[in-house]
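Inside the fold
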Amino acid sequence: MPNDMPPVSLPPSRPATGGANVQWDDPTLPATPPAVQQMKQLPPDGANSRESWKNRLKSSQDVVDKLKPSWDANQDRYLGKRPTGVDEHAIIVPLDFANVEQKKAALFFQNPKVLISPLLPGLEKAAPLFEAVVNYRLGRKGVDAKATVDEVLSDALCSSGVFAVKIGYEATVKGTKKVPNGTGPDPTWKPTFQQILGARVGLTPPPRAPMVPIYADVPNIIAEKYIYERISPAKLLIPEEFTGSDYDKAPWLAFEFLMDLEVGKRLFNLPADFKGVSNDEHLVGRKEMQGKLQKIRGWEIYFKTSVFDASESHPDHQTLLILIDGVDDPVKYRPSPYQIVNQDGTISGMQGFPIHVGALRYVSDSAYPPSDCTMSRHQVDEISNGRTQMMYQRIRSTPMRVVDLQGIGGPDGLAKLEKNIWQGIFPVANLDPMPIREVPLANMPAQNFTFDSLARNDVSNVWAMSNNQMGNINPTDRSATELTLTQNSGATRLSKERTKFLDWFVQSAEKLAALIQMFADEKSYVDIIGQGGAKILTQWDKTTIQGTYAFDIKANSSAPTDAATERAQILQFYNLMGNSPAINRPELDAEVVRAFDLDPDKLLLPPAPPQPPPPDKPKISFSFDEKALDPSNPAFPIVMEILKSGDIMIDQKAILAAQAAAGKQQMVMGAQQPVVADAVPHPPAPSPGQGGPPGGAPPSGGEPTQSVVPLNKHQMDQTGARQGPRVGGMTSLK
């Protein structure tokens, strides 16, 4: 996916004043206490007033509150919880858990490899370095995107259908530090008396101060981190009027957050006696959660400035607004810290909102599509109800017997029978009729099993996963062709959803990469893969990765890897392409060795040194007169070969014409000896079955084609079918 932003300008330096230990989530601001900063003020009325924003947030929260009961029900079934009011002995079939976990692995098994290519000339060397940096930052030692993706997929498949992450950067600043900033004359230097006197009388040049390093005060960043964290769907706020699926096109996005009270006081300069809250009202699967620590509740809002402020004309310019519950004025109201306004008015940095929202599907005119669990909710509950009925049927169908009390010997005989003595003997007066009989039991109606099968089939259709894809044996007999067609049909929709989710992931990687280009001030090192697969430790900072790039992912790099299948594929490729004259054979050998988890540097021989160039041929010059070029001259064939060795080619038609003219001349002059036709060089005739121009010359317009012979000539015959005659058929005659 192309990233169309212009080359990112380097952010301005951040001056700082000492003594403060402040954590900022917008590090482009000066590291000064919030009370010192000039904070923009919201207008008292209009679309951008505090009252208007409170109303927008409340309207969006009302939409979430209406959807939340179904989200809670989905999560309860995933956890195996019984619905309210249901018998405590009711059975909950864990289909939601099985389907969610299976589809999560199918959609995103591991972090895919992000591919970065330059969109401007001159960035060819920076692109591999930037690619290695971004993949490292997405990994476990960076933002650990895989863990966050696992969380948001639970939202996408189980609870809400919509999911989001916050992408950002935080730096903790403590005082300042001095860093080199060039060189300059030593301000403390003073010339000696001898230097001054020598310069005045002209014996020495004028004295000059020596050059010394110049140091500048910059913020002392003691901790920093890039943010890639899940936002709970219950806290995500989307404009009520927004009905699209590209959430970056919304006029604003926001989310509710809770922050430790003391951290919030320090970060937002709140009064010392500010009181926080101890309950979290918006969590999926819970009505409310009481905490032991006091927290502050706030809302982080990013909005497109031109929609709410007439003074801004750029449609992509964003403003950050943070409101705190219990504080009248905004604690933060400023341009987005993740964008840079260049001198020409263009905007670089992160493209799109830092609140990165996505969904696997779209419902017309709704920003909240249903999750897979929502769509299969009724069918799964029906299966659970049927299983509960089966349980009650088994309980009520306990074997029972009736006895003729007199026939078994009265109360004494009944007491012996109830003791259930092993191999016991009970004397009775008469066995015909039998004094003990079994009570008939009611059988489970067959329709219960039919409904269970139908409901499970409905669930498979909703999730696009058959029994085979779930790792279950098909309960009915089906042909291999039918099973393959069914599985392929489900795999088509699953592939579409996987592609959409990976597109969302690539866009999030673009946003994170833009922040790396803005804030990676410190020099660091990363491994990049060089020629032959060798890892090269390379130094980098934000100055070495600037530019405009396109982002994509390596095909199938997010899918589970099967070592046996991967090795079979590389061996098949090696067999088919090993003899190709266009293939890089040493690199192909190294790929095969790496596929078997071996070290190419240890296993493969180093490439042979290049052969020395052949010695220059001696330069020989020839001179020919017109007699040497006479076709009737016996030495004419030798002259033609000499001309050919010097890349001088004479057209065959000209030679034939000259021969004909010489023949006529000899006939006119009465010559008795005919021209020997065999002395004229002719190109060799093509061999039988060989086409093309005479002499094996290549067809016009290119080099002669050469078919690639596979190393294993049986490879192309491997169809998987059994060799030999078919059972019940006839062997074809050849």
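Fair warning: this is a prediction, and the values are worked out from it, not measured in the lab. (Residues numbered from 1 in each chain as written. Predicted model: local features only at pLDDT ≥ 70, side-chain atom pairs only at ≥ 80, totals over all residues. Heavy atoms only, no water.)

With that out of the way, let us pick up the overall build of the protein. A tally of regular secondary structure across the protein gives 17 helices and 18 strands. Evaluated residue by residue, the protein yields a buried proportion of 36% over its 734 residues. Across the protein, every contact between residues at least 6 apart in sequence was considered, and the portion connecting residues at least 24 apart equals 71%. Carbon and sulfur atoms form 56% of the exposed surface of the protein, whose accessible area is close to 45,100 Å². (Helix = DSSP H or I, 4+ residues; strand = E, 2+ residues; numbered from the N terminus. Buried < 20%, exposed > 50% of the residue type's maximum accessible area, 1.4 Å probe, protein only. Contact = heavy atoms within 4.5 Å. Areas by Shrake-Rupley, 256 points an atom, 1.4 Å probe, with all protein chains shown as cover.)

Turning to the pairing of strand β6 (residues 252–260), a few remarks are in order. Of all the 9 residues making up β6, 7 are buried; the element is thus mostly covered by neighbouring parts of the structure. Examined bridge by bridge, strand β5 (residues 236–237) and β6 share 2 bridges and lie antiparallel to one another. Opposite L236, over in β6, you have F255 as the bridge partner. (Pairing = 2+ DSSP bridges.)

One pass over the structure, following the stated rule, counts 32 salt bridges. As a salt-bridge pair, K58 and D62 come within 3.3 Å of each other at their nearest N and O atoms. Taken together, the positions of K58 and D62, both in helix α1 (residues 50–78) and 4 residues apart, correspond to about one turn of that helix. Residue K58 is classed as exposed on the basis of its relative accessible area, which comes to 54%. Look at D62 and you get partly exposed, because its relative accessible area is 31%. (Salt bridge = Lys/Arg side-chain N within 4 Å of Asp/Glu carboxyl O.)

With that settled, consider the confidence of the model for the protein. Predicted confidence across the protein gives a mean pLDDT of 81, with 81% of residues reaching 70 or more. Per-residue pLDDT stays below 50 along residues 675–680; that stretch engages in 6 contacts with residues further than four places along the chain or on separate chains. (pLDDT = per-residue confidence, 0-100.)

In this structure, Q61 sits in helix α1. Taking relative accessible area as the criterion, Q61 reaches 9% and is therefore assigned buried. Residues Q61 and E256, 195 residues apart in the sequence, show an inter-C-alpha distance of 9.7 Å. Not counting residues within four places of it along the chain, the set of residues in contact with Q61 comprises A234, L237, E256 and H282.

Looking now at the packing of aromatic side chains. Within this structure, the stated rule accounts for 17 aromatic pairs. When the ring of W53 is compared with that of F303, the centres are 5.0 Å apart and the planes differ by 40 degrees; the resulting orientation is tilted. In this pair, W53 is assigned in helix α1 and F303 in strand β8 (residues 289–304), connecting sequence segments 250 residues apart. Among the residues examined, W53 registers a relative accessible area of 0% and is labelled buried. (Phe/Tyr/Trp six-rings, centres within 6.5 Å; stacked < 30°, edge-to-face > 60°.)

Before going further, it helps to spend a moment on helix α13 (residues 563–577). Taking 1.5 Å per residue as the helical rise, α13 with its 15 residues ought to reach 21 Å, and the 21 Å between its terminal C-alpha atoms agrees with that figure. All of the buried residues along α13 are I570, Y574 and N575. The buried residues of α13 occupy an angular sector of 140 degrees when the element is viewed end-on, so they sit on one face. (Expected span 1.5 Å × (residues − 1). Arc of directions from axis to C-beta.)

Next up on the list: unusual backbone geometry. Of note, the phi angle at N269 is positive, near 55 degrees, even though the residue is not glycine. Following the sequence through the fold, N269 ends up in the loop between α6 (261–268) and β7 (277–280). Taking the relative accessible area as the measure of exposure, N269 reaches 43% and is therefore partly exposed.

All right, on to a nonpolar patch on the surface then. A contiguous nonpolar patch, built from F193, L197, V201 and L203 and spanning about 470 Å² of accessible area, is present on the exposed surface. By the secondary structure assignment, L203 is in the loop between α5 (193–200) and β4 (211–231). (Patch = residues over 30% accessible without salt bridge, like charges linked within 9 Å, V, L, I, M, F, W, Y side chains within 5 Å.)

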